[in-house]
Amino acid sequence: MLAMPVKTTETPNQLPHLLIVDDDQEHRLMLGRLFGEHGFRVSLAPDGATMLKLLNAAPPDLVILDLMLPDEDGLSLCRRIRANSDLPIIMLSALGRGPHKLAGFDMGADDYVAKPFDSAELVARTRAVLRRARHGREDGPLTPGRKGAKRVYHFDGWRVDAAKREVLSPAQVLITLTSGETDLLLALVEHPQTTLTRDHLVELTRNRGGDANDRSIDILISRIRRKIEQNPRAPRFIKTVRSGGYLFAPTVTLE
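Residues numbered from 1 in each chain as written. Predicted model: local features only at pLDDT ≥ 70, side-chain atom pairs only at ≥ 80, totals over all residues. Heavy atoms only, no water.

A separate point is the overall build of the chain. When you go through the chain residue by residue, the secondary structure sums to 8 helices and 13 strands. Burial statistics for the chain: of 255 residues in total, 49% are counted as buried. Considering only contacts in the chain between residues 6 or more positions apart, those separated by 24 or more positions represent 59%. In the form shown here, the chain has an accessible surface area of approximately 12,300 Å², with 50% of it arising from carbon and sulfur atoms. (Helix = DSSP H or I, 4+ residues; strand = E, 2+ residues; numbered from the N terminus. Buried < 20%, exposed > 50% of the residue type's maximum accessible area, 1.4 Å probe, protein only. Contact = heavy atoms within 4.5 Å. Areas by Shrake-Rupley, 256 points an atom, 1.4 Å probe, with all protein chains shown as cover.)

Here strand S6 (residues 152-155) runs beside strand S7 (residues 158-161); their pairing, made up of 4 bridges, is antiparallel. If you follow phenylalanine 155 over to S7, its bridge partner there is tryptophan 158. Connecting S6 to the next strand, S7, in antiparallel fashion are 2 residues, including aspartate 156 with a positive phi near 50°. Both S7 and strand S8 (residues 166-168) contribute to a ladder of 3 bridges, which runs antiparallel. Opposite valine 160, over in S8, you have valine 167 as the bridge partner. The hairpin turn running from S7 into S8, its antiparallel successor, is 4 residues long, and arginine 165 in that turn takes a positive phi close to 55°. (Pairing = 2+ DSSP bridges.)

Remark on secondary structure: sheet strands pair via backbone hydrogen bonds, oriented parallel or antiparallel. Sheet architecture is open: 5 strands sit in the order S9-S8-S7-S6-S13, paired in antiparallel fashion. In the strand order of this sheet, the two ends are held by strand S9 (174-175) and strand S13 (253-254), each with one partner.

Right, let's talk about the pattern of salt bridges for a bit. Under the defined criterion, the tally for this structure stands at 12 salt bridges. Measuring nitrogen to oxygen at the nearest pair gives 3.1 Å for the salt bridge that ties arginine 165 to aspartate 183. Taken together, the residues arginine 165 in the loop between S7 and S8 and aspartate 183 in helix H6 (residues 179-189) connect sequence positions 18 residues apart. Here arginine 165 matches aspartate 183 in class, with each residue buried. (Salt bridge = Lys/Arg side-chain N within 4 Å of Asp/Glu carboxyl O.)

Nothing here speaks to function; it is geometry throughout.
See below:
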């Protein structure tokens, strides 16, 4: 772990903790200095093996994960993290956007930043992902005009707690969703039996602090279906409306 000096009244353990994974030593140290100067506690890893050790030793609040690594690529590591955790992940890549960005979102990343990037934008996007992941939604409304509202939705035996950002299956199993998946599922359950276009869903998730686009909506829908549908290929809950968007079919009740 590399401790970075910060000017803050908070104790080190109270600072948001980032794990930065990048095999380029100069770039890794630059990121460590950048986030240290902006009030973060930082751990640094040059490869996937070190990342996994640090995850087990001192779980961070967010991982910034480079796509190209010497032992195991970032997409594979992202998938491994996401299989067991909803830990926020931001992927960095010098390969640009396009298919690599879509692959990152499909593996479960919460955001994707292409190199070269603006340092201030990266810090701002990191803070935004942390806000979306934080329980209680302190910096964003659960629904427009209802900051901090405590709302619990029920459908077909499922329970979605908006304030706690928890999804409980009919078998009382807690379902792990990323912050982006949770934002989108909340947008759907809050507008049941209504066709929502991709543009509308983009706006609804942006209202929650998200950074969605048309293509990422499709990817998030696919991931949510895999987690809540009995048969994702023939979904009962999230219906695709041809040339329209998506419709959340179940009757939803509010607790």
